[in-house]
Amino acid sequence: MSAFGSVFMPEMAISWFDGSNWSPSEIVSSDSIQLHPGAHVLHYSSTCFEGLKAFRHADGSVNIFRMDRNVDRFAQSSELLALPEFDKEMVSRMIVEIVRKFASDAPEPPGSLYIRPTHIGTEPAIGKAAVPSLTSCLYILLSPVGDYFAGGDKALRLLVDDGGMRCPPHMGMVKSGGNYAGALLPTMKARAEFKADQVLFCPGGDVQETGAANFLLIDGDEIITKALDESFLHGVTRDSILTIARDKGMKVSERDLTVEELLERAARPGCEAALSGTAAVLAPVGTLIYKGEEISVGNGGIGETTVKLRTALNNIQWGRAEDTHGWLLKV
Ligand SMILES: Cc1ncc(COP(=O)(O)O)c(C=O)c1O
């Protein structure tokens, strides 16, 4: 099986903003954009993207999960990066159109069709470090993806980092390439030094998120996770899992969590931790590494509640449980 996100559908939906108008959306070859080497995005990172999925159901239909949420976040990222404004309806139509075109290629569960809307500043202008790009390009790439847990569902190891931060505080809500570039080296170092899978960024002791997922602590029937603020990405999976947990009668506490409280609670028997995100849905965390010491979360294995919540969300996505919140859009 190819690595997640390394296979693309041959065509994508695209629209260009020329400074005044968006061009009518077109379907073009997915390797066909041409950029000036001086394009704003290549120098000043005027780029944002989204990640969402379409799922094949047993009746053959293909259904996009919570597209409205991702389009809203895409628009918010664009605004916070001073990229040209786009019409959310236009982007929603582009997504539906390209997914419809490749619906027959959407893999069966546990696979899915991963959708990657992208918006980049295209103005050839290398003197505009502090000035926005007047022109831009917006496209929707598709990538069929397989079972995230194909190699076995293993509990992750997280390095708890209370020194650094994933990104500048005002950029947390922006899904932009620069944030990922900044988190790369700390994550590589954590891998090399501690065999950690991810870094849990906790600036000043405030438990935030990892490089590409939100963090949830599950203590008995309570889920504790940071309340929404501008310092981290507002995950659609996070919101979905919290909604399902509330539906199941669990207590959801959206509040600040310190590293001290995290470590103290995590070591208790029955405690679980998990990472939420579109790719993995909910991935169990078995070990926290802090100041060179390893702390097992609960029994250090795969948490029961984690698997229960993940299954509940997967069942909705795969059409095996009722979509009571209206999260799916049939294309
Ligand atoms: C930094 C970061 N946090 C959280 C998430 C989870 O967001 P979502 O559940 O919308 O995929 C992602 C993944 O997109 C991410 O990159």
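As a reminder, the structure under discussion sits directly above these lines.
Just so we're clear, the structure is a prediction, and the values are computed from it rather than from any experiment.

## Examining the overall build of the chain
And step 1. Counting its regular elements, the chain contains seven helices and 16 strands.
And step 2. Computed over its C-alpha atoms, the radius of gyration of the chain comes to 20 Å, within 12% of the 20 Å expected for a compact globule of 331 residues.
And step 3. Viewed in the frame of its principal axes, the chain has a C-alpha envelope of about 60 × 50 × 35 Å.
And step 4. By residue count, 55% of the 331 residues in the chain fall in the buried class.

## With respect to the packing of helix α5 (residues 236-247) against helix α7 (residues 304-317)
And step 1. Direction vectors running N to C along α5 and α7 enclose 105°, while the axes themselves pass 10 Å from each other. Taken together, the axis directions place α5 and α7 in an arrangement best described as roughly perpendicular. Between α5 and α7, the contacting residues are T237, S240, I241, I244 and A245 on the first element and L309, A312, L313 and I316 on the second.
And step 2. Classifying every residue of the contact of α5 with α7 by side-chain character gives seven nonpolar, two polar and no charged.

## Description of the site of the ligand
And step 1. In the region of the ligand, 16 residues are neighbours, and K175, Y180, E209, T237 and T278 sit closest.
And step 2. At a separation of 2.5 Å, an oxygen atom of the ligand approaches a polar side-chain atom of Y180.
And step 3. Taking V236, its main chain carries an N or O atom lying 2.8 Å from an oxygen atom of the ligand.
And step 4. Contact with the protein chains hides 96% of the accessible area of the ligand, taken as 380 Å² for the molecule alone.

## A closer look at the side chain of T287
And step 1. Looking at where T287 falls in the secondary structure, it is placed in strand β14 (residues 281-290).
And step 2. Setting aside its immediate chain neighbours within four residues, T287 contacts L156, R157, L158, E294, I295 and V297.

## Things to note about the side chain of T118
And step 1. By the secondary structure assignment, T118 is in strand β6 (residues 112-121).
And step 2. Of the residues examined, T118 reaches a relative accessible area of 8% and is grouped as buried.
And step 3. For T118, the side chain forms a polar contact with the main-chain oxygen of R116, separated by 3.3 Å.
And step 4. Beyond its immediate sequence surroundings of up to four residues, T118 is in contact with C48, F49, F74, C137, L138 and Y139.

## Points about the pairing of strand β8 (residues 156-161)
And step 1. Most of β8 sits out of view: six of its six residues are buried.
And step 2. What you see with β8 is no split at all: L156, L158 and V160 on one side and R157, L159 and D161 on the other are buried throughout.
And step 3. Here four bridges tie β8 to strand β9 (residues 198-201), and the two strands are oriented parallel to one another. Its bridge partner being in β9, L159 is matched across the sheet by V199.
And step 4. Considered for its hand, the β-α-β crossover made up of β8, helix α4 (residues 177-194) and β9 is right-handed.

Calculation criteria
Residues numbered from 1 in each chain as written. Predicted model: local features only at pLDDT ≥ 70, side-chain atom pairs only at ≥ 80, totals over all residues. Heavy atoms only, no water. Helix = DSSP H or I, 4+ residues; strand = E, 2+ residues; numbered from the N terminus. Rg over C-alpha atoms; globule rule 2.2 N^0.38 Å. Buried < 20%, exposed > 50% of the residue type's maximum accessible area, 1.4 Å probe, protein only. Axes fitted to C-alpha atoms, helices over the stretch in contact; angles between N-to-C directions. Parallel < 35°, antiparallel > 145°, perpendicular 65-115°, else oblique. Contact = heavy atoms within 4.5 Å. Nonpolar A, V, L, I, M, F, W, Y, C, P; charged D, E, K, R; others polar. Near = heavy atom within 4 Å. Polar contact = N/O pair within 3.5 Å; in protein donor to acceptor, adjacent residues only side chain to side chain. Areas by Shrake-Rupley, 256 points an atom, 1.4 Å probe, with all protein chains shown as cover. Pairing = 2+ DSSP bridges. Right-handed = clockwise from strand over helix to strand, strands pointing away.

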